[in-house]
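# An overview of the molecular structure
Now for the letters of each chain:
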Amino acid sequence: MTMRYRQLGGTGLKVSSLSLGVATIGSLWGDRWTMSRPDADRLIGAALDRGVNYFDTANVYNQGESESWLGAALTRLSARDRVLVSTKFGYRTDPRDPNSGGCSRRAMMASVERSLGRLGLDHVDLLYVHLWDRVTPAEETLAAAADLVAAGKVRHLGLSNVPGWYAGRADVLAQWHGWPRPAAIQLNYNLLVRALEGEFLPFVRHTGTGLVSWGPLANGLLTGRYGIDPERRQVSGAGRVTATFTTGDVDPFSPVVARVLDRLADLSAETGHSPAQIALAWVLARSEVSTVLLGVSSAGQLAENLRAAELTLAPEVLAALDAASGVPVEHPYTFYTDELQTLVHGSPPSL
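Please read all numbers here as calculations on a predicted model, not as lab measurements. (Residues numbered from 1 in each chain as written. Predicted model: local features only at pLDDT ≥ 70, side-chain atom pairs only at ≥ 80, totals over all residues. Heavy atoms only, no water.)

## Here's the deal with the environment of Val292
The topology assignment puts Val292 in strand β12 (residues 289-294). When the C-alpha atoms of Val292 and Leu280 are compared, they prove to be 7.9 Å apart, with 12 residues separating the residues in sequence. Aside from chain neighbours lying at most four places away, what touches Val292 is Ser17, Leu18, Ser19, Ser213, Pro216, Leu280, Val283 and Leu284. (Helix = DSSP H or I, 4+ residues; strand = E, 2+ residues; numbered from the N terminus. Contact = heavy atoms within 4.5 Å.)

Printed below as a string of structure tokens:
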């Protein structure tokens, strides 16, 4: 396969269209969320061999082992100079210390020092606010990030799992103060989680912020290997969904899940591509998306998913998936539909 690369938003960085999220690298999170160290090394090596150049971790993934194992593997493979590494801060890391979490200057500075130590790096290419803590002013977080960029410990700031108003405020404040603007925003985006389209797709188009999709397969629900019984509210099949019964923000028994899984199964039979590859290709078809993070448990699973990078879905296939996964437009976005915009412009504006 030939990996394709995209610009990370308005930066000069080129990222592989499919990248590797390494939350499962480590031994401390229990069944379905861990792997052995040799398996982790093989996974990272396989990703590098196939052109993946972006690896995403966080200070809390597998209680810090994800960072340690990733950094050690990149060193052993002499790969640091040709990859981008991101990490995150925000969740509490010490139950005895209420200041070990959140978005304060103190928490950010301390977290970066510890992350760099575990990774064995002198800088990370991208530092994400893992989530807003609901209390720290954006100015405090942005000013601290600017200091870290000036010190050479962080190249770019990113936002993750924040509301649209916060992202907009952060971008404007950064411009106003001359601080580095958020380079990327990382959000849960897949065929079953499309709520961000109302706020965030216009946001990234207007600001040039890169959009990074996590959870593109809804924790495996979109792979087609699970059976869903809405009446009994049961999920069958072996994997993370049944082992931990979590699909993130998705109710597996909602009608949209059945529609999407049926459509993916039909398209898989017609095209010969797996449901997972088709679901990934749907996300990649969004021009606003800079890269899609894969969360896999083996090199074989990685190889299968990476084939989606070469898959271009026909317009009629995209339209069918859009229709199957569509959700009702809610206020105030009803005012921005093509139908109502004709009352403003006479015809729908081109965006």
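That shown, we press on.
## Some words on the side chain of Asp56
Checked against the element boundaries, Asp56 lands in strand β4 (residues 54-56). Asp56 sits in the buried class, given a relative accessible area of 2%. Within polar-contact distance, the side chain of Asp56 engages the side chain of Gln186 at 3.4 Å. For Asp56, the contacting residues outside a window of four places in its chain are Leu20, Gly21, Val22, Tyr61, Ser86, Lys88, Tyr128, Gln186 and Leu293. (Buried < 20%, exposed > 50% of the residue type's maximum accessible area, 1.4 Å probe, protein only. Polar contact = N/O pair within 3.5 Å; in protein donor to acceptor, adjacent residues only side chain to side chain.)

## Thoughts on the pattern of salt bridges
Taken as a whole and assessed by the stated rule, the structure comprises 17 salt bridges. The partner of Glu288 in a salt bridge is Arg205, with the nearest N and O atoms 2.6 Å apart. Taken as a pair, Glu288 in the loop between α9 (275-284) and β12 and Arg205 in helix α6 (residues 200-207) lie far apart in primary sequence, 83 residues in all. Among the charged side chains, a network of salt bridges with common partners joins Arg194, Glu197, Arg286 and Asp322. (Salt bridge = Lys/Arg side-chain N within 4 Å of Asp/Glu carboxyl O.)

## Re the sheet that holds strand β3 (residues 18-21)
The strand order β3-β4-β5-β6-β7-β8-β9-β12 describes a closed barrel built from eight strands, whose pairing is parallel. Between one strand and the next, the sheet's axes are offset by a mean angle of 30°, whatever the strand orientation. Direction of pairing for strand β8 (residues 184-188) relative to strand β9 (residues 210-214): parallel, over a ladder of five bridges. Considered in β9, the bridge of Ala184 is made with Gly210. Against the sheet, α9 makes contact with β3, β9 and β12, and its axis sits at roughly 155° relative to β12, the strand it touches most. (Pairing = 2+ DSSP bridges. Axes fitted to C-alpha atoms, helices over the stretch in contact; angles between N-to-C directions.)

## Focus on helix α5 (residues 164-177)
An α-helical segment advances 3.6 residues per turn. Residues three or four places apart therefore align on the same side. Taking 1.5 Å per residue as the helical rise, α5 with its 14 residues ought to reach 20 Å, and the 20 Å between its terminal C-alpha atoms agrees with that figure. Of the residues making up α5, those classed as buried are Gly164, Tyr166, Ala167, Ala170, Asp171, Leu173 and Ala174. The inward-facing, buried residues of α5 contact α4 (138-150), β7 (154-160), β8 and α6. Just past α5, the residue Gly178 takes up positive phi, approximately 75°. (Expected span 1.5 Å × (residues − 1).)

## A closer look at α4
Taking 1.5 Å as the rise per residue, α4 with 13 residues should run 18 Å; its terminal C-alpha atoms sit 18 Å apart, in good agreement. Along α4, the positions that sit buried rather than exposed are Ala138, Thr141, Leu142, Ala143, Ala144, Ala145, Ala146 and Leu148. Against β5 (84-89), α3 (105-119), β6 (124-129), β7 and α5 lie the buried residues of α4. In the segment just after α4, Gly152 is the residue with positive phi, at about 80°.

## A short note on the packing of aromatic side chains
Across all of its chains, the model carries seven aromatic pairs by this definition. Here Trp29 and Trp33 contribute two aromatic rings whose centre-to-centre distance is 6.4 Å and whose plane-to-plane angle is 75°, an arrangement assigned as edge-to-face. In this structure Trp29 comes out as partly exposed when scored by relative accessible area, which is 34%. For the pair Trp132 and Trp165, a centre-to-centre distance of 5.2 Å together with 90° between the ring planes defines the contact as edge-to-face. Within this pair, whereas Trp132 is found in the loop between β6 and α4, its partner Trp165 is found in helix α5, the two being separated by 33 residues in sequence. One aromatic cluster is present, built from ring pairs that chain together Trp29, Trp33 and Tyr61. (Phe/Tyr/Trp six-rings, centres within 6.5 Å; stacked < 30°, edge-to-face > 60°.)

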